[in-house]
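The lines below spell out each chain.
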Amino acid sequence: MKTLYLTVLLIFFSLLAVAQEQDSTATYKKRVLESTEVDFLMSYYKQDGIHSAVAGGNGMEELTDITPTIVVAMPLNDDDVLTIDAGLSAYSSASSGNINPFDSNTPSPWQASSGASASDMLTTLVLGYSHSSDDRNSIWNAHVSGSTEYDYSSIGFGGGYTKLFNNKNTEVTVSGNAYLDKWRPIYPKELQDYYDNGYDLNGGIFNRFSITGNQDYSPDRFVPHSKKNRNSYSLSFSFSQVATKKMQFSIFADILYQQGLLSTPYQRVYFADVADSFINEFHLADDIERLPDNRFKIPVGARLNYYINQWLVVRTYYRYYTDDWGLSSHTANIELPVKLNDRFTVYPMYRYYTQQGSKYFAPYNTHLSTEVYYTSDYDLSTFNAQQYGFGVSYTDIFAAARIWGFGIKNIDLRYNHYTRSDGLDANIVSFGIKFVQQ
């Protein structure tokens, strides 16, 4: 009897151990994100050119922008991750300052203005959530965002679904986004004063300055915008494939639609068939930029990455873009990461861009007053651009170096010089550091 009792106990505990082992095998899975990660990003951008859109395609384009951003990714459990992305973009711009160049006694498109519009700050916040299936072959994500600046605000939301096949060698992603924006329009000072005075020159800046050239200044085409909303919708698709042990490629396509106030309220336009009026050197606007209230865009492209050896990888990118404003472009990019050792990688990069301009664009003072749509913003013109860059990356997968209980996982520093055939030049320095909670 005692032997039977011991035998029953042995069988019971054996079955219990097997059941526990099976249950442990069934429920164990690697966490999507092991611990909280914090990215601190910073970029510095400086540009100048000779085709200010605020001055109708003629004038300095000096602008400086500093953009600090913090991104925090937190695991909620094994499957879910919450991401918080908060950033600022503080800029100063001689060009946008010339929305009102008349705070100077000698207004000129080539002179920086100290008006309120000469600087601004964009504040953004994005909350994201992602959920991965138990087998890690399906990922759902969603996000909501908000941003605001002096004359513009935006609310956005969207989501996507990613499916992995073929032992995770094949990946398909579909996503959609919507952004509901609103302008608080500001207009060129001379047009605003002319309108506020009942289409008359008796008041505002016209009581302070004398008009030269055509003294019968009468920009009667100017009427403030009745629509102040701008809505943007996008649907995106991407396919990625590990083709061989050394090669991976992906293709992508987007469909984008915008509706509402798509022109920029403070960008001037001058008509060749209207006599020119000036205050000092500043050409008084005939009207503001006018563009259609809808726009349909289609970008398609591909990436190809090829592993040469343990020290070198080739990363390439190409995109074609077209829209119903008549604008089309080609973008080609190559990056060559060179691994110096287990921790340091350097990567030279080059980007080429060519654009066929919009049918609504014309240079400074060449539009006609009989046209319905017009802009002299050189971003919508025909031009070529090149960008040269170099970066250095430090990676420590064990995050040995620590700051306040966080290990430093990665440090990245990049510099790029951008030059455009229409005279615009820019320099961009970006810095990023990733911390991992330990």
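Bear in mind that the values here come from a model prediction, so they are computed numbers and not experimental data. (Residues numbered from 1 in each chain as written. Predicted model: local features only at pLDDT ≥ 70, side-chain atom pairs only at ≥ 80, totals over all residues. Heavy atoms only, no water.)

1. With respect to the overall build of the chain
Right, so step 1: Scanning the chain for helices and strands turns up 3 helices and 23 strands.
Right, so step 2: The C-alpha atoms of the chain give a radius of gyration of 29 Å, which is well past the 22 Å a tight globule of 438 residues would have.
Right, so step 3: C-alpha extents for the chain along the principal axes are approximately 120 × 45 × 45 Å.
Right, so step 4: Relative to its full complement of 438 residues, the chain shows a buried share of 41%.
Right, so step 5: The long-range fraction of contacts in the chain, counting pairs at least 24 apart against all pairs at least 6 apart in sequence, stands at 63%.
Right, so step 6: Accessible area for the chain stands at about 23100 Å²; split by element, carbon and sulfur atoms hold 60% of it.
Right, so step 7: Side-chain charges of the chain comprise 34 positive and 46 negative groups, with the mean position of each set lying 11 Å from the other. (Helix = DSSP H or I, 4+ residues; strand = E, 2+ residues; numbered from the N terminus. Rg over C-alpha atoms; globule rule 2.2 N^0.38 Å. Buried < 20%, exposed > 50% of the residue type's maximum accessible area, 1.4 Å probe, protein only. Contact = heavy atoms within 4.5 Å. Areas by Shrake-Rupley, 256 points an atom, 1.4 Å probe, with all protein chains shown as cover. Lys, Arg positive; Asp, Glu negative; His and termini not counted. Charge placed at Lys NZ, Arg CZ, Asp CG, Glu CD.)

2. Some points on the pairing of strand S9 (residues 229-242)
Right, so step 1: When strand S7 (residues 170-183) meets S9, the two strands line up antiparallel, connected through 13 bridges. Within the sheet, the bridge partner assigned to Ala-178 lies in S9 and is Tyr-233.
Right, so step 2: Alignment of S9 against strand S10 (residues 247-260), held across 13 bridges, turns out to be antiparallel. Note that in S10 the partner of Tyr-233 across the bridge is Tyr-257.
Right, so step 3: Two successive antiparallel strands, S9 and S10, enclose a turn made up of 4 residues. (Pairing = 2+ DSSP bridges.)

3. Observations regarding the sheet that holds strand S12 (residues 277-279)
Neighbouring strands of a sheet are bound in pairs by backbone hydrogen bonds; such pairs are parallel or else antiparallel.
Right, so step 1: With antiparallel pairing, 3 strands are arranged side by side in an open sheet as S8-S12-S13. Of all strands in the sheet, those with a lone pairing partner are strand S8 (212-213) and strand S13 (282-283), marking the two edges.
Right, so step 2: One ladder, built from 2 bridges, connects S8 with S12; its direction is antiparallel. Residue Thr-212 lies in a different strand from S12, and its bridge partner there is Phe-278.

4. Some details on the pairing of S10
Right, so step 1: When S10 meets strand S15 (residues 294-309), the two strands line up antiparallel, connected through 11 bridges. Along S15, the bridge assignment pairs Phe-249 with Leu-304.

5. Focus: the nonpolar core
One broad rule of soluble globular proteins: the nonpolar side chains tend to lie buried together.
Right, so step 1: By size, the foremost hydrophobic cluster in this structure holds 17 residues, and its most contacted members are Phe-102 and Ile-279.
Right, so step 2: Those residues in contact with Ile-279 that lie beyond four places of it in its chain are Phe-102, Pro-107, Ile-205, Phe-209, Ser-210, Ile-211 and Leu-284.
Right, so step 3: Core analysis: the second largest hydrophobic core is formed by 7 residues, Tyr-321, Leu-327, Tyr-360 and Leu-380 among them. (Core = buried A, V, L, I, M, F, W, Y, C linked by side-chain atoms within 4.5 Å.)

6. Section: the packing of aromatic side chains
Right, so step 1: Per the stated rule, a full pass over the model turns up 20 aromatic pairs.
Right, so step 2: Between the aromatic rings of Phe-102 and Phe-209, the centroid separation amounts to 5.9 Å while the plane-to-plane angle is 55°, which identifies the pairing as tilted. Within this pair, whereas Phe-102 is found in the loop between helix H2 (94-97) and strand S4 (119-132), its partner Phe-209 is found in the loop between helix H3 (189-196) and S8, the two being separated by 107 residues in sequence. The same class applies to Phe-102 as to Phe-209, namely buried. (Phe/Tyr/Trp six-rings, centres within 6.5 Å; stacked < 30°, edge-to-face > 60°.)

7. Observations regarding the side chain of Ser-250
Right, so step 1: Along the chain, Ser-250 turns up in strand S10.
Right, so step 2: Once residues lying within four places of it in the same chain are set aside, the contact partners of Ser-250 are Phe-239, Ser-240, Gly-301, Ala-302 and Arg-303.

8. Focus: the environment of Ser-393
Right, so step 1: Mapping Ser-393 onto the fold places it in strand S20 (residues 383-395).
Right, so step 2: According to the relative accessible area criterion, Ser-393 is buried, its value standing at 10%.
Right, so step 3: Once the C-alpha coordinates of Ser-393 and Ile-433 are considered, the two residues, 40 residues apart in sequence, prove to be 9.7 Å apart.
Right, so step 4: Not counting residues within four places of it along the chain, the set of residues in contact with Ser-393 comprises Arg-343, Phe-344, Thr-345, Tyr-347, Asn-410, Ile-411 and Asp-412.
Right, so step 5: Side chain to side chain, Ser-393 and Asn-410 meet in a polar contact 3.3 Å long. (Polar contact = N/O pair within 3.5 Å; in protein donor to acceptor, adjacent residues only side chain to side chain.)

9. Considerations on the environment of Glu-62
Right, so step 1: Assignment of secondary structure puts Glu-62 in the loop between strand S1 (37-48) and strand S2 (63-75).
Right, so step 2: For the pair Glu-62 and Asn-197, spaced 135 residues apart in sequence, the C-alpha separation works out to 32 Å.
Right, so step 3: In contact with Glu-62, not counting residues within four places along its chain, are Lys-46, Gln-47, Asp-48, Ser-92, Ser-93, Ala-94 and Ser-95.

10. Digging into the pattern of salt bridges
Right, so step 1: The tally for this structure, following the rule as stated, stands at 17 salt bridges.
Right, so step 2: Between Asp-78 and Arg-31 there is a salt bridge whose closest N-O contact spans 3.1 Å. On the criterion of sequence distance, the pair formed by Asp-78 in the loop between S2 and strand S3 (80-93) and Arg-31 in the loop between helix H1 (2-27) and S1 is long-range, its members being 47 residues apart.
Right, so step 3: Between Glu-335 and Arg-414 there is a salt bridge, with the nearest N and O atoms lying 3.9 Å from each other. (Salt bridge = Lys/Arg side-chain N within 4 Å of Asp/Glu carboxyl O.)

11. Focus on the side chain of Glu-289
Right, so step 1: Looking at the element boundaries, Glu-289 is found in the loop between strand S14 (287-288) and S15.
Right, so step 2: Buried and unpaired, Glu-289 has Arg-230 as its nearest opposite-charge partner, separated by 6.7 Å.
Right, so step 3: When residues no more than four places from it in sequence are discounted, the contact partners of Glu-289 are His-225, Ser-263, Thr-264, Gln-267, Val-269, Tyr-374, Thr-375 and Asp-377.

12. Topic: unusual backbone geometry
Right, so step 1: At Lys-168, a residue that is not glycine, the phi angle is positive and equals roughly 65°.
Right, so step 2: Assignment of secondary structure puts Lys-168 in the loop between strand S6 (152-165) and S7.
Right, so step 3: Given the relative accessible area of 42%, Lys-168 is considered partly exposed.

13. Observations regarding H3
Right, so step 1: All of the buried residues along H3 are Glu-190, Leu-191, Asp-193 and Tyr-194. Seen from one end, H3 has its buried residues packed into an arc of 165°, which puts them on one side.
Right, so step 2: Contacts from the buried residues of H3 go to strand S11 (268-269), S13 and S14.
Right, so step 3: Just past H3, the residue Gly-198 takes up positive phi, approximately 70°. (Arc of directions from axis to C-beta.)

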